[in-house]
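Fold and geometry: a report
Listed here are the chains, written in short residue letters.
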Amino acid sequence: MNFLRSIAMRIDVRFSDRVGIAQEILAELARRRVNVTAVEVEPPHIYIEAPTLGQDGLRELRSDLLQVSGVLTIERVGMLPGARRSMYLDALLASQADPVFAVDEAGVIVVANGAAVAACGVDEKGVTGTSMQDHIGDPALMAALIDGGYHLPVCEIVMNGEPYMLEAMPLHEAGGNVAGAVMTLHAPSRIGERLNALQNYDAGGFDAILGNSPEMDQLKQRATRMALVDAPLLITGETGTGKELLAHACHLGSSRSGQPFFALNCAALPENLAESELFGYSAGAFTGALRGGKPGLLELADRGTVFLDEIGEMSPYLQAKLLRFLNDGSFRRVGGDREVKVNVRIISATHRALEEMVERGQFRQDLLFRLNVLTLHVPPLRERAGDILPLADFFLRRACAQASRPPMRFSAAASAALLTNPWVGNVRQLQNVVFRAVTMTDGRVIDAGDLELARGTTPTANDATQVATLEQAVADFEKDLLTRLYREFPSSRRLAKRLGTSHSAIANRLRRYGIGNEPGRSD
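Now for a description of the structure that goes with this document.

Thresholds, definitions, all that
Residues numbered from 1 in each chain as written. Predicted model: local features only at pLDDT ≥ 70, side-chain atom pairs only at ≥ 80, totals over all residues. Heavy atoms only, no water. Phe/Tyr/Trp six-rings, centres within 6.5 Å; stacked < 30°, edge-to-face > 60°. Buried < 20%, exposed > 50% of the residue type's maximum accessible area, 1.4 Å probe, protein only. Lys NZ or Arg CZ within 6 Å of the ring centre and 35° of its normal. Pairing = 2+ DSSP bridges. Helix = DSSP H or I, 4+ residues; strand = E, 2+ residues; numbered from the N terminus. Axes fitted to C-alpha atoms, helices over the stretch in contact; angles between N-to-C directions. Salt bridge = Lys/Arg side-chain N within 4 Å of Asp/Glu carboxyl O.

**As for the packing of aromatic side chains**
- For the structure shown, the criterion picks out four aromatic pairs.
- On the basis of an interplanar angle of 70° and a centroid distance of 6.1 Å, the ring pair of phenylalanine 325 and phenylalanine 331 is categorised as edge-to-face. Each member of the pair, phenylalanine 325 together with phenylalanine 331, is buried.
- Among the aromatic residues, those joined into a cluster by ring pairs are Phe279, Phe325 and Phe331.
- The cationic tip of arginine 512 hangs over the ring face of tyrosine 513; the distance from NZ or CZ to the ring centre is 5.7 Å.

Here you go:
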């Protein structure tokens, strides 16, 4: 009860709407000399704030007001609706990380949230009541906004030295006239965070990288350590081995995991388009450019990571521009003269031998030195035979679910064919082969012929009949693999190190298959 007395009295008088009833209610309050500090009329309600009105005074007032024709009830309320809306509006604006301005029809700022005040670089009194033009310094843009009724595409502006994308939403009066607009500014880094959430919402970390062979376990362990080092990382490996998946896992395992991750395939775009995608462009940079320009991936990924796939395909001009960025973190947009500085980690990948490209003059040696601070190599699928069948089974289950097929399995001949295939396209090729087999096979068992492997790699019918068991097929593949690798690593210790397993395991297999028993040879 003492708590109620400490709160200003606010009442809701509900009435049957008729001409003059609000005046009669207020006249009764005046007659009783009730100090009224706020009144809000929203028929069939009139809300009144009377700070000095106590509980006893409310009972007497209720009795008198009920005598007024049309008054139905008098109830106490916690807040006046207008004050409640104002409080929630302030809270809503304060919660917005993006700068938000409300301007009138002439572009004068009426309301600005905290982020907007900070973006202007002045205190709140220096923002409200000033023209938006004073803060963006672009009379032509403000004139176009006002003359166009604040109907303009998203454009770039610079406020207090920082670039923003400006988005305007017109406000209209009841008669349809433009009363102003709500103007929201989006910093490139904030746009990058949203795009990153949309593009990478289902991308996983190292757990999403399939494969538990010794080679892949060793790669994951090495990558986990390198992810924590905030330095450029170069990933090498054949096409289809999952280099981008590894790059994203390294991003998620780094201190930048909460920031954006964007990828650019250097081989998929011509030089001018790749440049504008990576570095962005300024207003009027070329025909068809967006008004006000557009930030590139480096700006969008500020404090995050940019992955440059197929870096070996980058043109000499872009190599030089990327080298300058790696030196000091700054660059210029296409057609721009303003220096932009961001904090971005570069992870690059290639299937080409960059050292040989340097010798041929096709790749800058100084750029290679800057990119190759840390290195990871993703082994091809044929060099990690232990992953082939587990990966195939995984893709088989997923393909059955995607194609709405009942569970299927591989025959022994199909498993042997999978193991003996060279997999030039690596994991991506294996996935495609399995998906195609699921969609084209009528039965629930996939045989070797259903796999549609490349000519010369699928066992013939006679070969398939000669495979007695899956163990035999695995042993044949293992023998062939060890025979080929032994030529390059002619000792059990070197071969064990290459395959990421124990010396004794390799030595036993070499003896079992009679490999390396030439006279005079010793480990």
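**Description of the sheet that holds strand 16 (residues 374-377)**
- Within the open sheet, the five strands sit side by side as 11-12-15-10-16. Their pairing is parallel. Each end of this open sheet is capped by a strand with a single partner; those strands are strand 11 (261-265) and strand 16. Going from strand to strand, the sheet's axes swing by 20° on average, the running direction of each strand aside.
- Where strand 11 lies against strand 12 (residues 305-309), five bridges are found, and the strand directions are parallel. Within strand 12, the position partnered with phenylalanine 262 by the bridge is valine 306.

**A closer look at the pattern of salt bridges**
- Applying the stated rule across the entire model yields 19 salt bridges.
- With a shortest N-O distance of 3.0 Å, arginine 18 and glutamate 24 are connected by a salt bridge.
- Linked by salt bridges that have partners in common, Glu28, Arg31, Arg32, Glu60 and Asp64 make up one network.

**Observations concerning the pairing of strand 1 (residues 9-15)**
- With six of its seven residues buried, strand 1 lies for the most part within the structure.
- Relative to strand 4 (residues 71-76), strand 1 is paired through five bridges, and the arrangement is antiparallel. The partner of valine 13 across the bridge, within strand 4, is isoleucine 74.

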